[in-house]
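Fold and geometry: a report
Here is what each chain is made of, one letter per residue.
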Amino acid sequence: MSATTTAHPGEPPVTAASARTTRGETDEGPGGRPAFPDGFVWGAATAAYQIEGAWDEDGRGCSIWDSFSRVPGKVADGHTGDVACDHYHRYSEDVRLMAGLGLAAYRFSVAWPRVRPTGSGPVNPHGLDFYDRLVDDLLAHGIAPYPTLYHWDLPQALEDCGGWTSRDVAYRFADYAVAVHDRLGDRIRTWTTLNEPWVAAFLGYGSGVHAPGRQSPAAAFRAAHHLLLGHGLAASALRTAGAAEIALTLNLAPVIGPGDAAPAIATVDGLLNRQFLDPALRGSYPGDVLEIAARHGGLDHIRDGDLEIIRQPLELLGINYYNPSFVSSAPGEPANPAFPGTEGVRFDPPAGPTTAMDWPIDPAGLESLLLRLSRDYPEVGLLVTENGAAFDDVVQDGRVSDPERVGYLDAHLRAAHAAISAGADLRGYLVWSLLDNFEWAYGYHKRFGIVYVDFATQRRIPKESALWYREVIGRNGLSYGSQGDR
Ligand code: FCB
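Scope of this entry: the structure provided in the associated data block. Computed from a predicted structure; not experimentally measured.

This next bit is on the site of the ligand. As a matter of local geometry, the ligand sits amid Gln 50, His 151, Trp 152, Asn 195, Glu 196, Asn 320, Tyr 322, Glu 386, Trp 432, Glu 439, Trp 440 and Phe 448. In this structure, an oxygen atom belonging to the ligand sits 2.8 Å away from a side-chain N or O atom of His 151. Contact with the protein chains removes 94% of the 300 Å² of surface that the ligand exposes when unbound. Of all the cavities here, the one that holds the ligand is the largest pocket.

Now the structure itself:
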């Protein structure tokens, strides 16, 4: 079976040569080691609901994940984020850990229900106090804060008014963004509006495996549009308020399949990638996506002028990359609920090695994705805002040996380096995740951290991957030989 990575049917596949520009300035360090450009940003990422805990402290309101995780059967073993990594109380210890690893950047998310407990209405100053302390602590340790304003924890009060299917929520999001900027704007350079709107819309409102757990294709398309509108409104308001750099983070993946699967590849690529890239960076929806949305509830929610709002100048595109999607053509196959319009498309299980999530390990997918983005959306800088892997880590003699994670990270960084050498304007890499944490519907069963968390005691143990990452950061590059076989 010949695999083809394609962006747009009919266009040549992306190769290093086709994307080469004069931008890529990487080095071969001493002895031919892959070295990254000066100023390359090394960091780690987390998200509020996954690590903070303190779910009802200091005036925090309820979020859709507080509600959803309490619905029996929605999260493995009934786990919730009530305590999580207790980062709300232990942030200072966590910042010291980051400093010890040499991180230059820390991507975290701000919990909307801490800042505006009912989503609109008065600001809760105590909620902002937490992020104020965190940002000061990070800066005192030389770590640049990279806040994301929405990582899926919508205030429940807004969901009760329709959630992201309601246009009004986009405006409430922009108001909240400004409230956060008012408090932190003097110390933040880079603001990210949304994390993975595809997941928020299509897993939250389409397949229902994420909060709020609705299962309606029409609701998913409406939610996606209103998320994009919220991004545009917030980006514009942040810019007016003086934000230096604005980013949007998307979950992006090459869609791969056999030669006769071109229509299946194009459909999934449209829904997953172009549905968000094109409005945000080009100011238009792809025709094939509009056609599918029109068949699933219509297009009334897209109003004149929306696309001008959505397309805001962006300094950075945040890329969360875990694995490609493998599809083939399978007449008679029903649509995947997370991908309305995919009747006749089969999502194929991975053939090669996988992580504990059963996600395929495919570093080449990162390289081709970065090159495609450079080719198709050349104006925006790129930042890997998430990449990493869950494995079944165990503590032995007080240590956590995780050679598979080291191999995963090393291989993806080599792929990123190759993309930079071929011209991709990649500015940095943030590993997912700093800490083992609440992995959404999987609860605490999936460990993505480079730092192990013993959830019974809240003890943190840097895994061998964390120590390896510290070395990579220290030399701004990889070691001579690949770590893949360790
Ligand atoms: C991404 C999410 C992040 C984490 C990783 C594994 O989709 O943004 O919160 O769950 O997957």
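The next thing to look at is the nonpolar core. Counting residues in each nonpolar core, the largest one holds 148 residues, and the members touching the most others are Trp 65, Tyr 150, Trp 164 and Leu 317. If one sorts the elements of this core by residue count, helix α10 (residues 217-241) sits on top with twelve residues. Grouped together as the second largest cluster of nonpolar side chains are seven residues, Val 41, Ala 247, Leu 316 and Leu 430 included.

This paragraph deals with the layout of surface pockets. In this model, the largest pocket occupies a volume close to 1100 Å³. If you go around the largest pocket, you meet 40 residues; those closest to its centre are Trp 198, Leu 203, Asn 323, Ser 325 and Trp 359. Breaking the lining of the largest pocket down by element, the ones donating at least two residues are α9 (197-207) and β11 (325-329). Ranked by residues supplied to the lining of the largest pocket, first place goes to α9 with four residues. Here the lining of the largest pocket is composed, by residue class, of 25 nonpolar, ten polar and five charged.

Let's shift gears to the pattern of salt bridges. A full pass over the atoms with the stated rule returns 34 salt bridges. The partner of Arg 167 in a salt bridge is Asp 306, and the shortest N-O contact between them spans 2.9 Å. Of this pair, Arg 167 sits in the loop between α7 (156-159) and α8 (168-184) while Asp 306 sits in helix α13 (residues 306-310), placing them 139 residues apart in sequence. Given the relative accessible area of 1%, Asp 306 is considered buried. Because the salt bridges share partners, they merge into one network encompassing Asp 129, Asp 132, Asp 136, Arg 183, Asp 186 and Arg 187.

Attention now moves to the side chain of Asn 251. Structurally, Asn 251 is set in strand β8 (residues 245-251). If we skip the residues at most four places from it in the chain, Asn 251 touches Glu 196, Trp 198, Val 199, Leu 272, Asn 273 and Asn 320.

Moving on, we get to the packing of helix α11 (residues 262-282) against helix α12 (residues 287-295). Their axes nearest at 9 Å, the elements α11 and α12 cross at an angle of 95 degrees. With respect to α12, the element α11 is oriented roughly perpendicular. Of the residues in α12, those in contact with Ala 266, Thr 267, Gly 270, Leu 271, Arg 274 and Gln 275 of α11 are Asp 288, Val 289 and Ile 292. Looking at the contact of α11 with α12, its residues break down into four nonpolar, three polar and two charged.

For α11, spanning 21 residues, the distance from its first C-alpha to its last is only 24 Å, which falls clearly below the expected 30 Å at 1.5 Å a residue. The principal kink in α11, of about 50 degrees, is found at Arg 274. When you tally the buried positions in α11, you get 17 out of 21 residues, the bulk of the element. Directly after α11, the chain includes Gly 283, whose backbone phi takes a positive value near 80 degrees.

With that settled, consider the sheet that holds strand β5 (residues 105-109). With parallel pairing, the eight strands of this closed barrel are ordered in space as β4-β5-β6-β7-β8-β10-β13-β14. Pairwise comparison of adjacent strand axes, ignoring direction, gives a mean angle of 25 degrees for this sheet. In the sheet, strand β6 (residues 144-150) pairs with strand β7 (residues 190-195) via two bridges, with the strands oriented parallel. Within the sheet, the bridge partner assigned to Tyr 150 lies in β7 and is Leu 194. Strand contacts of helix α16 (residues 464-475): β4 (41-45) and β14 (426-432), with the helix running at about 155 degrees to β4, the strand carrying the most contacts.

The next thing to look at is the pairing of strand β10 (residues 316-320). Most of β10 sits inside the fold, with five of its five residues counted as buried. Neither face of β10 is exposed, since Leu 316, Gly 318 and Asn 320 on one face and Leu 317 and Ile 319 on the opposite face are all buried. With five bridges connecting them, β8 and β10 associate as parallel partners. Note that in β10 the partner of Leu 250 across the bridge is Ile 319. In the sheet, β10 pairs with strand β13 (residues 381-386) via five bridges, with the strands oriented parallel. Considered in β13, the bridge of Asn 320 is made with Glu 386.

Summarising the element assignment, Val 209 is placed in the loop between α9 and α10. For Val 209, a relative accessible area of 42% corresponds to the partly exposed category. Residues in contact with Val 209, not counting those within four places in the same chain, are Phe 68, Leu 203 and Ala 441.

A few words now on unusual backbone geometry. The omega torsion of the bond from Ala 211 to Pro 212 falls at 5 degrees, within 30 degrees of zero and hence cis. In this model, Trp 432 is joined to Ser 433 through a cis peptide bond whose omega is 10 degrees. You can see Ser 433 is positioned in the loop between β14 and β15 (451-454). The phi dihedral of Asp 77 is positive, around 55 degrees, even though this residue is not glycine. Along the chain, the position of Asp 77 falls in the loop between α3 (64-69) and α4 (87-101).

Definitions and limits used
Residues numbered from 1 in each chain as written. Predicted model: local features only at pLDDT ≥ 70, side-chain atom pairs only at ≥ 80, totals over all residues. Heavy atoms only, no water. Near = heavy atom within 4 Å. Polar contact = N/O pair within 3.5 Å; in protein donor to acceptor, adjacent residues only side chain to side chain. Areas by Shrake-Rupley, 256 points an atom, 1.4 Å probe, with all protein chains shown as cover. 1 Å grid on protein atoms, 1.4 Å probe; cavity = no way out; pocket = protein on both sides within 12 Å on 5 of 7 lines; lining within 4 Å. Sits in = over half its atoms within 2 Å of the grid points. Core = buried A, V, L, I, M, F, W, Y, C linked by side-chain atoms within 4.5 Å. Buried < 20%, exposed > 50% of the residue type's maximum accessible area, 1.4 Å probe, protein only. Helix = DSSP H or I, 4+ residues; strand = E, 2+ residues; numbered from the N terminus. Points joined across faces, edges and corners; volume = space filled by probe spheres on them. Nonpolar A, V, L, I, M, F, W, Y, C, P; charged D, E, K, R; others polar. Salt bridge = Lys/Arg side-chain N within 4 Å of Asp/Glu carboxyl O. Contact = heavy atoms within 4.5 Å. Axes fitted to C-alpha atoms, helices over the stretch in contact; angles between N-to-C directions. Parallel < 35°, antiparallel > 145°, perpendicular 65-115°, else oblique. Expected span 1.5 Å × (residues − 1). Bend = angle between axes of the 7 residues up to and from the residue. Pairing = 2+ DSSP bridges.

Purely geometric numbers; function is a separate question.
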